[in-house]
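Spelled out, the chains give:
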Amino acid sequence: MTFRVEPGDVRDYARQLTDAQHAAETATAYMNRWGGFNAHEKGLLGMIWPNHSAYVTQVQEMLRHLADLTGASSDALRQMANGYERTDQDTAATLDATYDAVPRPPIDRD
């Protein structure tokens, strides 16, 4: 059994998480703008005002938490991809250094 990581694939997933972060931030902005209503706008919804306010607060907290998680995960995945690339390059350089140099004839251009 082998373990293989493609840094480009890890970066693609990090980009997807960044997209999710932006979506959560956009949803938060939407909730901030349209989620509440003042006393004059309540009308019939006045009966559920306390529940609605608590619901909006919970959704906003959840979206902030989602944005924080996806943003931090995206950053960590990018760092991980960089680490795998450095390890691959260092290992390749170490292996290449164990081989004898191959003499190459000069190229003669007439």
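Below: a short report on this structure. None of the values given here were measured: they were computed from a predicted structure.

## Here we look at the overall build of the chain
For the chain, the helix and strand inventory stands at two helices and zero strands. Classification of the 110 residues of the chain by burial places 20% in the buried group. Taking all contacts inside the chain whose residues are at least 6 apart in sequence as the whole, residues at least 24 apart take part in 83%. A total accessible area of about 9100 Å² is found for the chain, and carbon and sulfur atoms account for 56% of it.

## So, the pattern of salt bridges
The tally for this structure, following the rule as stated, stands at three salt bridges. The partner of Arg-4 in a salt bridge is Glu-6, with the nearest N and O atoms 2.6 Å apart. The partner of Glu-85 in a salt bridge is Arg-11, with the nearest N and O atoms 3.0 Å apart. Residue Glu-85 is found in helix α2 (residues 49–97), and its partner Arg-11 is found in helix α1 (residues 7–34); the two are separated by 74 residues along the sequence. On the basis of relative accessible area, Arg-11 is assigned to the partly exposed category, the value being 21%.

## Quick word on the environment of Gly-35
One can find Gly-35 in the loop between α1 and α2. Apart from the residues lying within four places of it in its own chain, the contact partners of Gly-35 are Tyr-30, His-52 and Val-56.

## Details of α1
The end-to-end C-alpha distance of α1 is 40 Å, a good match for the 40 Å that 28 residues give at a rise of 1.5 Å each. What α1 keeps buried is the set Pro-7, Val-10, Ala-14, Leu-17, Thr-18, Gln-21, Ala-24, Thr-28 and Met-31.

## Let's talk about the side chain of Thr-28
Along the chain, Thr-28 falls in helix α1. Given the relative accessible area of 11%, Thr-28 is considered buried. Residues in contact with Thr-28, not counting those within four places in the same chain, are Leu-63 and Arg-64.

Here is what the cut-offs are and how they apply
- Each chain carries its own residue numbering, running from 1 in the direction its sequence is written.
- In keeping with the model being predicted, local features are shown solely for residues with a pLDDT of at least 70 and side-chain atom pairs are shown and tallied solely at 80 or more, while totals for entire chains, interfaces and linings include all residues.
- Excluding hydrogens and water, the side-chain values take into account all heavy atoms of the structure.
- A run of H or I in DSSP counts as a helix once it spans at least four residues, and a run of E counts as a strand once it spans at least two, with each numbered from the N terminus.
- Exposure categories follow from relative accessible area, calculated using a 1.4 Å probe and restricted to protein chains: below 20% of the type maximum is buried, above 50% is exposed, and the middle band is partly exposed.
- Here a residue-residue contact requires only that any non-hydrogen atoms of the pair lie within 4.5 Å.
- All accessible-area figures derive from a Shrake-Rupley calculation using a 1.4 Å probe, and residue coverage is judged against the displayed protein chains alone.
- One speaks of a salt bridge when a side-chain nitrogen belonging to Lys or Arg is within 4 Å of a carboxyl oxygen belonging to Asp or Glu.
- One less than the residue count of a helix, multiplied by 1.5 Å, gives the span that helix is expected to have.

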